[in-house]
Amino acid sequence: METEGVQRTVPVCSLCTEQAVVYQRYINRHLCGTHFTADVEHRVADTIKTRQMISPQDRVAVALSGGKDSTALLLLLQRLLPTWENVRLIAITIDEGIAGYREETIRSAEHLTVRLGIEHHCISFTGLFGDSLDAFLTGRETQACSICGILRKKALVVGAQQAGATKLATGHNLDDEAQSVLMNVFRGDLPRLIRNSSGESSGKFIPRIKPLSLISEKDIATYLMLNDAWNELPECPYTHYAMRREVRSMLSGFEYRHPGTMLHLMESKIKIERYCKGSVISEPLRSCRECGDPCSGDLCQVCLLRHTF
Ligand code: SF4
Ligand code: ZN
């Protein structure tokens, strides 16, 4: 209902005369659907270029869980594909074995790859490690995300190697990255804080890239809605055990009250990375005694974990 004497104005896009659908508080800008989509695609292309994430002839394996971030990542990379020389995309889905959650996201991943005509590989924890995540976690659910993370990282590398990939792209967004910065600070883990997120150059790993690392979770959701790719999916039952959940809620509050906080955190990380370059002593890379994978100790994290099952 209109209040007498007060005229309601519908905001107009700052770049054209269309009605705006998004207000970017941190730069005080309104955008219509077309300009918002173009802005997201431009920012992703710019991150990839600036951080030299993709080179000509690359075969990029995209970690596709079927959730929002990885769906947006695959869509965006597919749209940007014609701007790179002879680059191919392959999607890799990991089935951790989480009852009541994974089945639906895997179906969503399958539909997307069929629709986009992208080669799709699926790797399961049961096939690779002998059992499901649910089984491994019995009695230690509170460690869910750290165990899941270690095993999934390995499964993705195996999938990427099997697919002959030269890069491994993950859908980590700005919120994820800003949360990681804070979590590493809280844990006092400086080497992890300054680990270069644009890839690794020892030649022993397939370089990992995070093209969405400067796009917020909210922008990803809006992008999906505007591009008819929004899909409501169940949440992993183990999320409530994660420390990340607490950090996420704290950071969201900060971002709401002080727009730009997450981008500033990422800028701080990049500055610290530059400042510390060469001055933090990281352990030399060795080979795992049991599986031969590159690692910093005697055993890699996966083999260490396997001893506890
Ligand atoms: Fe794995 Fe934790 Fe993510 Fe669930 S929330 S899929 S357990 S990392
Ligand atoms: Zn090992």
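Scroll up for the structure.
Notes on the structure in this doc start here. This is a predicted model, so every value here is computed, not measured.

Side note on helix 9 (residues 217–226)
Burial in helix 9 covers these residues: Asp219, Ile220, Ala221, Tyr223 and Leu224. Looking at the buried residues of helix 9, the elements they touch are helix 1 (33–50) and helix 2 (68–80). Within two residues after helix 9, Asp228 carries a phi angle of roughly 55°, on the positive side.

Brief notes about the coordination of the zinc ion (ligand 2)
The protein atoms that coordinate the zinc ion (ligand 2) are Cys288 (SG), Cys291 (SG), Cys300 (SG) and Cys303 (SG), at distances of 2.2 to 2.4 Å. Classification of the site at the zinc ion (ligand 2) rests on its 4 donor atoms, whose angles at the metal span 105 to 117°, yielding the label tetrahedral. Along the chain, the residues donating to the zinc ion (ligand 2) fall in the pattern C-x2-C-x8-C-x2-C. For Cys291, a relative accessible area of 36% corresponds to the partly exposed category.

Section: the site of ligand 1
In the vicinity of ligand 1, the residues found are Ile98, Cys145, Cys148, Arg152, Cys236, Tyr238 and Thr239. When the residues that make up the shell around ligand 1 are grouped by side-chain class, the tally is 5 nonpolar, 1 polar and 1 charged.

Definitions and limits used
Residues numbered from 1 in each chain as written. Chains lettered and ligands numbered in written order. Predicted model: local features only at pLDDT ≥ 70, side-chain atom pairs only at ≥ 80, totals over all residues. Heavy atoms only, no water. Buried < 20%, exposed > 50% of the residue type's maximum accessible area, 1.4 Å probe, protein only. Helix = DSSP H or I, 4+ residues; strand = E, 2+ residues; numbered from the N terminus. Contact = heavy atoms within 4.5 Å. Donors = N, O, S within 2.8 Å, 3.2 Å for Na, K, Ca; no water. Tetrahedral: all angles 85-135°; square planar, octahedral: opposite > 155°, others 65-115°. Near = heavy atom within 4 Å. Nonpolar A, V, L, I, M, F, W, Y, C, P; charged D, E, K, R; others polar.

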